[in-house]
Amino acid sequence: MIPAARGAARARSNIALVKYWGKRDRALNLPAVGSLSITLDRLWTDTRVEFSARQQHDEFLLNGERAAAEATTRVSLVLNLLRERAGQRGGALVESTNNFPTGAGLASSASGFAALVAAAAQALNLRLQPFELSTLARRGSGSAARSIFGGFVEWRRGERADGLDSHALPIRPPRDWPLQVVVAVTSTEPKPVGSSTGMSRTLASSPFADAWIKHQEADLDQARSAILDRDFLALAEISEHSCLKMHALAMSAQPGLLYWSAATVECMQRVRALRAAGVAAFFTVDAGPQVKVVCEAAAVTQVVAALSDVPGVVQLIETGLGAGVEVMEPTAPLAPVGSSACA
Ligand code: PMV
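Computed from a predicted structure; not experimentally measured.

Caption draft 1: Inspection of helix 5 (residues 209-229) at higher detail. With 21 residues, helix 5 extends 31 Å between its outermost C-alpha atoms, agreeing within 8% with the 30 Å of an ideal straight helix rising 1.5 Å per residue. Its maximal kink placed at Gln 216, helix 5 deviates by approximately 35 degrees. The complete set of buried residues in helix 5 reads Ala 209, Trp 212, Gln 216, Asp 219, Leu 220, Ala 223, Ala 226 and Ile 227. Immediately beyond the C-terminal end of helix 5, within one or two residues, lies Arg 230, with a positive phi of roughly 50 degrees.

Caption draft 2: The arrangement of the pattern of salt bridges in detail. On inspection of all chains with the given rule, the structure shows 21 salt bridges. Of the charged contacts, one joins Asp 286 and Lys 19 as a salt bridge, the two residues approaching to 2.6 Å between their closest N and O atoms. Of the two residues, Asp 286 is situated in the loop between strand 11 (281-284) and strand 12 (291-295) and Lys 19 in the loop between strand 1 (5-18) and strand 2 (23-25); the sequence distance between them amounts to 267 residues. Taken as a pair, Asp 286 and Lys 19 share a single burial class, namely buried. Between Arg 85 and Glu 132 there is a salt bridge whose closest N-O contact spans 2.9 Å. You can see Arg 85 sitting in helix 1 (residues 69-86) and its partner Glu 132 sitting in helix 3 (residues 130-140), a full 47 residues away along the chain.

Calculation criteria
Residues numbered from 1 in each chain as written. Predicted model: local features only at pLDDT ≥ 70, side-chain atom pairs only at ≥ 80, totals over all residues. Heavy atoms only, no water. Helix = DSSP H or I, 4+ residues; strand = E, 2+ residues; numbered from the N terminus. Expected span 1.5 Å × (residues − 1). Bend = angle between axes of the 7 residues up to and from the residue. Buried < 20%, exposed > 50% of the residue type's maximum accessible area, 1.4 Å probe, protein only. Salt bridge = Lys/Arg side-chain N within 4 Å of Asp/Glu carboxyl O.

Take a look at the structure:
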């Protein structure tokens, strides 16, 4: 009997401080701009992959339920790249669990695809370098390229048409500058317009698209310097600038994309008031209504106090900066979709 090829991995979500918005190649998922992020310790995806010759099609279980066809197709697309490299053909059973709300602007696709490529590479016995995993994860979701690494991470736009130079790289490990993040969850509903659709609409219709691309390198330089100097205020200013600029760009698409709720705006105002009063905190917001507040450890209590009574805030998640993707010991065989765990 051929032993089943199993792999398992945990990858953490990340949030961009200098935002990625827009693609230069949709098929290869190549970004129009570079970006810079932090990996979050307490928000993760655990994924197990099992390839087997008797599995006809890929099956994808997300949070214990069969995933939508579109999500399974994206998973298969990435698995095909790994199967090609390994010269393997069998289908895979993929079981993924997020310990935080899925598809709601908390980067579950980032942690999800980073965990998927690491688990599948282990299952297929492919010994890939982290930058290669990053290139593969990018094909599932752009921001997943960054979740391969921990701490402060930069994803280079790359110049090559084949995308092989468009992967993430670590800038600084978490222990160098152990910032904290308070996530204000204002809705656990999936976002109305996904990031890929939002990005293509924006580049196709916003009058500001060229300006966005033109200024990105300067923003990245500023953020990188702020991180290397551990200059909190400089990082706060460039991060809020990049966040507001990305949303202004998205709003200027036709029809305009508006990812914020009233609670999002109120949280941003409160964070600005805290910083004006000398508290080391700044906000960032992705393609959803959640607000992520980055702060120094000494400021966490004040940030939590300032956000906890904002109408519409349903949950506050506190986290530090986390490690890159970790391969885990694949344990028991996976239960096929539709059968119970003990069948
Ligand atoms: O990786 P995607 O395709 O989900 O796009 C991520 C887009 C933003 O989260 C809004 C920005 C970013 O750089 O993560």
